[in-house]
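Understanding the architecture of this molecule
So the chains spell out like this:
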Amino acid sequence: MAEFFDQICRILSETAAKYPGDPSDSETIREFFSDLAAPVPEAAPASAPAVAEEKRSLPVQKPETVPAPAPAPVPAATLVQLQELLKDCQRCELCRRRRNIVFGEGDPDARLMFIGEAPGYDEDIQGRPFVGRAGELLNKMITAMQFTREEVYIANVIKCRPDDNRTPNPVEIDCCIPFLRRQIELIRPEVIVVLGAVAAKALLNTESGISRLRGRWCSYENIPVMPTFHPAYLLRNESSKKDAWQDLQQVMARFGKYHRR
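Position numbers for residues count from 1 along each chain, tracking the sequence in the order it is written. The predicted nature of this model means local features are confined to residues of pLDDT at least 70 and side-chain atom pairs, given and counted, to a pLDDT of 80 or more, with totals for whole chains, interfaces and linings taken over all residues. Values reported for side chains reflect all heavy atoms of the structure, with hydrogen atoms and water molecules removed beforehand.

Here we look at the packing of aromatic side chains
Aromatic pairs are defined between Phe, Tyr and Trp rings, using the six-membered ring for Trp, whenever the two ring centres lie within 6.5 Å; interplanar angles under 30 degrees are classed as stacked, those over 60 as edge-to-face, and all others as tilted. Here the structure, examined in full by the defined rule, presents 2 aromatic pairs. Plain terms: the ring middles of F147 and F255 are 5.3 Å apart, the flat faces sit at 80 degrees to each other, and that makes the pair edge-to-face. With F147 in the loop between α6 (133–144) and β3 (153–156) and F255 in the segment after α11 (241–254), this residue pair connects regions lying 108 residues apart in the sequence. In this pair, the class of F147 matches that of F255, namely buried. Judged by centre distance (4.9 Å) and plane angle (25 degrees), the ring pair of F229 and Y233 falls under stacked. Charges are assigned to positions over rings by a cutoff of 6 Å between ring centre and Lys NZ or Arg CZ, combined with an angular limit of 35 degrees from the ring normal. In this arrangement the basic side chain of K159 is found over the ring face of F103, its NZ or CZ atom lying 5.9 Å from the centre. Strands are runs of DSSP state E lasting at least two residues, helices are runs of H or I lasting at least four, and both sets are numbered from the N terminus onward. Note on exposure labels: buried denotes an accessible area under 20% of the residue type's maximum, exposed denotes more than 50%, and partly exposed covers the range between, all computed with a 1.4 Å probe on protein chains only.

So this is what it looks like as structure tokens:
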């Protein structure tokens, strides 16, 4: 670059000698070009905007795990109000083919409560729990326990009849069981007898089968629970009636009742 400036200055000097009075001189030209010849400092990397820098400095926040909301309580102060809430229920698909909602019946202050699976054909027609053949057997069981049907309370997990008396599915149980729980809260029985696997699993939140559960005391909200076979099962399996009777005698003992031989 210096040689280039010298050549320029030499040319200008020769030109000035040939053309006197030219205002240009080598020193002026050298001073002008020297600014261009000065090394240009490397540009500093552009600093990121303040906002971006602030974002990088913040710790990465993981999304919070929000617990699933607890089921809303059923707003009913009495069994009558609770039954009114179920009027014309459309909470699941069972509403499409039912004839009647089978709420439950018995003494609202019963000391003993029986809980079955779901209404059958006869129950759907009459709107009452356990009135068919299984109901007749349950009545005999209650009498053998030295109670009357009017003294106890009888309900089902499901309040509408499933098609062809099939087993209720989890969605149907989830829709209906809050009403059963509220029934239990309002009645406050001293003992609950759950009849069959569906009722036992739904109320006790277990996957154990009824053959494993029966005859062993369980608990629901500090209420003693005795699981045993469903009367419909006993009609098909006569040999299991002896086991069911042993289960019921344990319940009787809780009330100071004993079988009279």
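Examining helix α8 (residues 197–204)
Counting buried positions along α8 yields 6 of 8 residues, so the element is predominantly enclosed. Looking only at α8, the buried set comprises V198, A199, A200, A202, L203 and L204. Between two residues, a contact is recorded if the distance between any of their heavy atoms is within 4.5 Å. Contacts from the buried residues of α8 go to β2 (112–116), α7 (170–187), β4 (191–195), α9 (210–213), β5 (218–220) and β6 (223–228). The first or second residue beyond α8 is N205, which carries a positive phi of 55 degrees.

Things to note about the environment of A200
Within the element layout of this structure, A200 appears in helix α8. With a relative accessible area of 0%, A200 lands in the buried category. When near neighbours in sequence (up to four residues on either side) are disregarded, A200 contacts V194, N205, T206, I210 and L213.

Regarding the state of the cysteines
Any pair of cysteine sulfurs within 2.5 Å is marked as a disulfide. In this structure the tally under the stated criterion is 0 disulfides. Cysteine C176 remains unbridged, with the sulfur of C160 as its closest cysteine sulfur at 6.2 Å.

Details of the sheet that holds strand β1 (residues 105–106)
Strands pair, by our definition, only if DSSP identifies at least two bridges between them. Pairing within the open sheet is mixed, and its 6 strands lie in the order β1-β3-β2-β4-β6-β5. Edge strands, defined here as strands with exactly one partner in the open sheet, are β1 and β5. Where β1 meets β3, 2 bridges bridge the pair, whose relative direction is antiparallel. Note that in β3 the partner of E105 across the bridge is I154. Where α11 meets the sheet, it contacts β2, β4 and β6, and its direction lies at approximately 165 degrees from that of β6. Lines are fitted to the C-alpha atoms to define the axes, a helix being fitted only along its stretch in contact, and any angle between axes, read from their N-to-C directions, falls within 0 to 180 degrees.

Keep in mind these numbers describe shape, not what the thing actually does.
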